[in-house]
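Geometric and topological summary
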Amino acid sequence: MSDDTTWMDATDQAALVRNGSASPVELVDEAIARIERVNPALNAVIFELFDRARAAAAGDLPDGPFRGVPLLLKDFGAELAGTPFCEGTAFAGDYHSTVDQELTTRFLAAGFVVCGKTNTPEFGILPTTEPKRFGASRNPWNTAHSTGGSSGGSAAAVASGMVPVAHANDGGGSIRIPASCCGLVGLKPTRARVSTAPQYGDLMGGLVAEHVVTRSVRDSAAILDAIAGPVPGDPYWAPPRQGPSFAAAVGADQKGLRIAVLTVSPTGSEVHSDCVRATEQTAALCESLGHHLEPAALEVDGDAFTEHFINVWAAGNAWTLLDWERRVGRTAVEEDVEPLTWSLVQLGLSLNSGQYLRSMQELQKITRQIAEYFEGIDVLLTPTLGEPPALLGTFDSPPGEPLTGLFRSAAYVPFTPPFNVTGQPGISLPLHWNEGGLPIGVQFVGRFGAEETLLSLAGQLEAAAPWADRRPPVSA
């Protein structure tokens, strides 16, 4: 194999296998070599599954669209039977999964070869990847900075060239945040576009969506084609796509979209000038491509949203710890988890059923308000984050004040959580870097079920302002 696959996307790597220019074993061996070379500097991969990957690559792989392409699983949600699984917590001990998630099954059916698992904050709580159990993942653009979270290990691995694609999931921005921090494409699909069966159904009140982080829009679209679709008994089903495939949408020549631009934080927090500038420049680029831009007129009660979102988030984390107690067969004590986790869990346990349902009701009211606004626009454009990628340690809490880091994160991620609540698709694109060389993502949000609109627009922007040749200082 003469071609260096490091910076090929998954689509091109799969083409090498199909045309006989490379074998799955060669692709996997190259990925493993890159992980071994780069991971010590970034701490992105926490569980190596190299022997398993080599055996799979040498075996009878499914003839899927990504046959032989190496993939990393985030150690959160996408279980693979017989492999370590801990969701960032020491409480899990040496637990190994006993089942495959439907998502993992679909990755494998598409031909991907799982090479390892990536780092995540404990229970995916914070927008940075700094768990006590495994230590911080570091941003390949500047290792003093965060990768974002909670899919930070996956983002660092893809951005640095270890693999072309990695699993990610998103309950408050956890695909889009690390995509922004690491200069990647991060699409959060519509609620229920990708099933969370068999372990989960109504996961965190419907907040969580599953997908990947990638370096190209076409990868994000084609992988969604491979993994999308409900399982009988799922509590939600996403609307069917309109065209032949999500991949076909990337090449669609779509003009005249009505795009509203929002640079003011929905929660009233300050938005950094780098993020505002990136959004304004992106708006001008969209206008040059024939789209119609207007100021956003979306008004949400930020205080009410924050209160009710945190209630649901806390209840979800209380459930997560209870679920882990079931898995490991013992009751957790305070010392088993990080102080923030314990405090958030206690907040969740303190809510009675009426308070939880009231918060769900209030968030659903906000959802209807936002959905009504989207009847008059096609796409909303915002910064992905309220600030450039944070320094490591930014979300640490001082002794005796364990929730400080969580409240600090609200100012960092004001633009992503609303669309976990509404279930709408959102995509972060790596269109800008600041003067310090750090990526500054911009977010596009579509109507419920309208991934094709976002992918079409994203493909246009990628062609107009390509990012594929950018390489971080720490890379393979």
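In what follows, the accompanying structure is described. Position numbers for residues start from 1 in each chain and track the written sequence from start to end. Thresholds applied to this predicted model are a pLDDT of at least 70 for local features of residues and 80 or more for the giving and counting of side-chain atom pairs; totals over whole chains, interfaces and linings are not thresholded and use all residues. Side-chain numbers here rest on the full set of heavy atoms in the structure, without hydrogens or water.

Digging into helix 3 (residues 50-58)
Here is the rule: Three labels apply to residues, based on accessible area from a 1.4 Å probe with only protein chains included: buried if under 20% of the type maximum, exposed if over 50%, partly exposed otherwise in between. Under the DSSP-based scheme used, a helix requires at least four consecutive residues in state H or I and a strand at least two consecutive residues in state E, with every element numbered from the N terminus. Think of it as the arc spanned by the lines of direction from the helix axis to the C-beta atoms. The contact criterion used is simple: two residues touch if any of their non-hydrogen atoms lie within 4.5 Å.
Along helix 3, the residues that are buried comprise Phe50, Ala53 and Ala57. The buried residues of helix 3 all sit within an arc of 60° when viewed along its axis, so they share a single face. Helix 3 presents Asp51, Ala55 and Ala58 as exposed residues on the side facing more than 90 degrees away from its buried surface. Those residues of helix 3 hidden inside the fold are in contact with helix 2 (24-42), strand 1 (45-48) and strand 3 (113-118).

Regarding the nonpolar core
Threshold: Nonpolar core, defined: a set of buried Ala, Val, Leu, Ile, Met, Phe, Trp, Tyr and Cys residues in which side-chain atoms within 4.5 Å join the residues together.
Core analysis: the biggest nonpolar cluster contains 135 residues, and Phe66, Phe107, Phe112, Leu380, Leu429 and Phe444 have the highest contact counts within it. In terms of residue count, the dominant contributor to this core is helix 10 (residues 302-328) (eight residues). Counting residues in hydrophobic clusters, the runner-up holds five residues, among them Met8, Leu16, Ala22 and Leu27.

Here we look at the packing of aromatic side chains
What counts here: Centre distance within 6.5 Å is the pairing criterion for rings of Phe, Tyr and Trp, where only the six-membered ring of Trp is used; planes under 30 degrees apart are then read as stacked, over 60 as edge-to-face, and the remainder as tilted. The rule for a charge over a ring is simple: NZ of Lys or CZ of Arg within 6 Å of the ring centre, and within 35 degrees of the ring normal.
Applying the stated criterion across every chain yields a total of 11 aromatic pairs. Where Tyr95 meets Trp324, the ring centres are 5.3 Å apart and the plane angle is 80°; that geometry is what we call edge-to-face. Of this pair, Tyr95 sits in the loop between strand 2 (70-74) and helix 4 (102-109) while Trp324 sits in helix 10, and the two are 229 residues apart along the sequence. As far as burial versus exposure is concerned, Tyr95 and Trp324 are alike and both buried. Taken together, the aromatic side chains of Phe66, Phe107 and Phe112 make up a single cluster linked through ring pairs. For Arg327, the ring lying beneath its charged end belongs to Trp324, and the centroid distance is 4.9 Å.

Some points on the pattern of salt bridges
Let me state the cut-off plainly: Take a side-chain nitrogen of Lys or Arg and a carboxyl oxygen of Asp or Glu: if they are within 4 Å of each other, that pair is a salt bridge.
Overall, the coordinates contain 18 salt bridges when judged by the stated rule. Note that Arg277 is salt-bridged to Asp274, the shortest N-O span being 3.1 Å. Highlighted residues: Arg277 and Asp274, both in helix 9 (residues 273-288), separated by three residues, approximately one helical turn. Given the relative accessible area of 40%, Arg277 is considered partly exposed. Overall, the relative accessible area of 16% leaves Asp274 in the buried class.

Here we look at the packing of helix 10 against helix 11 (residues 339-350)
Definition in use: Note on geometry: axes are lines fitted to C-alpha atoms, helical ones only across the stretch in contact, with angles between N-to-C directions running from 0 to 180 degrees. Any angle that is under 35 degrees is reported as roughly parallel, and any over 145 degrees as roughly antiparallel; angles of 65 to 115 degrees are reported as roughly perpendicular and all others as oblique. Charged residues are taken to be Asp, Glu, Lys and Arg, nonpolar residues to be Ala, Val, Leu, Ile, Met, Phe, Trp, Tyr, Cys and Pro, and polar residues to be all remaining types, Gly included.
One way to put it is that helix 10 packs onto helix 11 with a least axis distance of 7 Å and a crossing angle of 105°. Compared by their axis directions, helix 10 and helix 11 come out roughly perpendicular. Contact residues: helix 10 offers Ile310, Trp313, Ala314, Ala315, Asn317, Ala318 and Leu321, while helix 11 offers Trp342, Leu344, Val345, Leu347, Gly348 and Leu349. Among the residues making up the contact of helix 10 with helix 11, the classes are represented as 11 nonpolar, two polar and no charged.

A closer look at the pairing of strand 7 (residues 258-261)
Applicable threshold: At least two DSSP bridges between two strands are needed for those strands to be called paired. A clockwise course of the path from the first strand over the helix to the second, judged with the strands pointing away from the viewer, identifies a crossover as right-handed.
Note: strand 7 against strand 8 (residues 292-295), four bridges, orientation parallel. Considered in strand 8, the bridge of Val261 is made with Pro295. Each parallel crossover has a hand, and for strand 7 linked through helix 9 to strand 8 it is right-handed. Summarising the sheet, strand 7 and strand 9 (residues 379-383) pair through three bridges and their orientation is parallel. If you follow Ala260 over to strand 9, its bridge partner there is Leu380.

Let's talk about the environment of Gln101
Examined against the element boundaries, Gln101 turns out to sit in the loop between strand 2 and helix 4. As a C-alpha pair, Gln101 and Ser195 span 94 residues in sequence and 9.1 Å in three-dimensional space. Contacts of Gln101, omitting those with residues within four sequence positions, involve Gly77, Ala78, Glu79, Thr196, Ala197, Pro198, Gln199 and Tyr200.

Overview of unusual backbone geometry
Ser150 follows Gly149 through a cis peptide bond whose omega is 5°. Position of Ser150 relative to the elements: it lies in the loop between strand 3 and helix 5 (152-159). That bond from Ala197 to Pro198 is cis: its omega, -5°, falls within 30 degrees of zero. By the element assignment, Pro198 lies in the loop between strand 5 (185-188) and strand 6 (209-214). One non-glycine residue, Asn43, adopts positive backbone phi at about 55°. Residue position: Asn43 is located in the loop between helix 2 and strand 1. If you check the backbone angles, Phe123 has positive phi at about 60° while not being a glycine. The residue Phe123 is located in the loop between strand 3 and helix 5 in this model. Residue Phe123 is classed as buried on the basis of its relative accessible area, which comes to 3%.

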